[in-house]
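# An overview of the molecular structure
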Amino acid sequence: MTNHDALIFAPQLGNALRERGWMFACAESCTGGLLAAAMTDTPGSSLWFDRGFVTYSNAAKIQHLHVNAETLERFGAVSEETAMEMASGVLTVTRDAHVAISTTGIAGPDGGTPGKPVGMVCFGFAQRTSQGVVTRAVTRVFEGDRQQVRNAAVAFALATALDFMADT
């Protein structure tokens, strides 16, 4: 997936949100604001985009998104557990948002380990429902250089959010 894919999926997600009267927010680590940028590149995004957090450090994840320090210690910043807590944390601190996406990963070129290779990105998806906040997580490993990994992660996040919203 490319940056071009993000430019296609962002308006589609925006339309789905607008049709439901929902607001969107995000929390990013490895994508460093690219997800929020893709969403706000879409004309009319103020109707459905609430805010974005760039929480690159563990301290920021804890302070702004209420990610549990024990989760970070036990599973690491790059984990589905952390991604889910990031996404649900967005909805906890952002009362107007109905849907949230989080990204946390290793964009490279360094930082990979045998269990967590360069290109691995964990995504959290959270949705506010009448029963509370529902979360899901997905992990993917993308090929390419740092920019390609980050662009692919944004496109994947948007496409997956569209799929999840179609299920509801």
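An order of E2-E1-E3-E4-E5 is seen for the five strands of this open sheet, with the pairing classed as mixed. In the strand order of this sheet, the two ends are held by strand E2 (49–54) and strand E5 (132–141), each with one partner. Taken over all neighbouring pairs, the strand axes of this sheet differ in orientation by 15° on average, direction set aside. Inspection of the sheet shows strand E3 (residues 99–105) paired to strand E4 (residues 120–129) by seven bridges, in the antiparallel sense.

Glancing now at unusual backbone geometry. The omega angle of the peptide bond from glycine 108 to proline 109 is 5°, so this bond is cis rather than trans. Of note, proline 109 is situated in the loop between E3 and E4. The backbone phi angle of histidine 66 is positive, close to 60°, even though this residue is not glycine. If you trace the backbone, histidine 66 turns up in the loop between helix H3 (58–65) and helix H4 (69–75).

Going through the model one piece at a time under the given rule, you end up with one salt bridge. A salt bridge links aspartate 50 to arginine 51, with the shortest nitrogen-to-oxygen separation between them at 2.7 Å.

Of all hydrophobic cores here, the largest spans 36 residues; its most connected members are Leu13, Leu17, Phe24, Met39, Phe123, Phe142 and Leu158. Among the elements of the structure, helix H1 (3–20), strand E1 (24–28), helix H2 (34–40), E3, E4 and helix H6 (146–166) are those that each provide at least two residues to this core. Of the residues forming this core, the biggest block, 13 residues, is contributed by H6. Not counting the four nearest positions on each side in its chain, phenylalanine 24 is found in contact with Leu13, Leu17, Leu35, Met39, Trp48, Phe49, Asp50, Arg51, Ala97, Val99 and Ile101. Core analysis: the next-biggest nonpolar cluster, separate from the first, contains 13 residues, Phe53, Val67, Met86 and Val90 among them.

Attention now moves to the packing of aromatic side chains. Scanning all chains against the criterion turns up six aromatic pairs. Pairing phenylalanine 24 with phenylalanine 49 gives two aromatic rings, centres 6.0 Å apart and planes at 40°, and the pair type is tilted. In this pair, phenylalanine 24 is assigned in strand E1 and phenylalanine 49 in strand E2, connecting sequence segments 25 residues apart. Take phenylalanine 24 and phenylalanine 49: they sit in the same class, and that class is buried.

Turning our eyes to something else, we now look at the side chain of lysine 61. Looking at where lysine 61 falls in the secondary structure, it is placed in helix H3. Here lysine 61 occupies a buried position and makes no salt bridge, while the nearest side chain of opposite charge, glutamate 85, is found at 11 Å. A polar side-chain atom of lysine 61 sits 3.1 Å from a polar atom in the side chain of serine 29. The residues touching lysine 61, leaving out its near neighbours within four places in the chain, are Ser29, Thr55, Tyr56, His66, Val67, Leu72, Ala77, Thr82, Met86 and Thr104.

Rules used in this analysis
Residues numbered from 1 in each chain as written. Predicted model: local features only at pLDDT ≥ 70, side-chain atom pairs only at ≥ 80, totals over all residues. Heavy atoms only, no water. Pairing = 2+ DSSP bridges. Helix = DSSP H or I, 4+ residues; strand = E, 2+ residues; numbered from the N terminus. Axes fitted to C-alpha atoms, helices over the stretch in contact; angles between N-to-C directions. Salt bridge = Lys/Arg side-chain N within 4 Å of Asp/Glu carboxyl O. Core = buried A, V, L, I, M, F, W, Y, C linked by side-chain atoms within 4.5 Å. Buried < 20%, exposed > 50% of the residue type's maximum accessible area, 1.4 Å probe, protein only. Contact = heavy atoms within 4.5 Å. Phe/Tyr/Trp six-rings, centres within 6.5 Å; stacked < 30°, edge-to-face > 60°. Lys, Arg positive; Asp, Glu negative; His and termini not counted. Polar contact = N/O pair within 3.5 Å; in protein donor to acceptor, adjacent residues only side chain to side chain.

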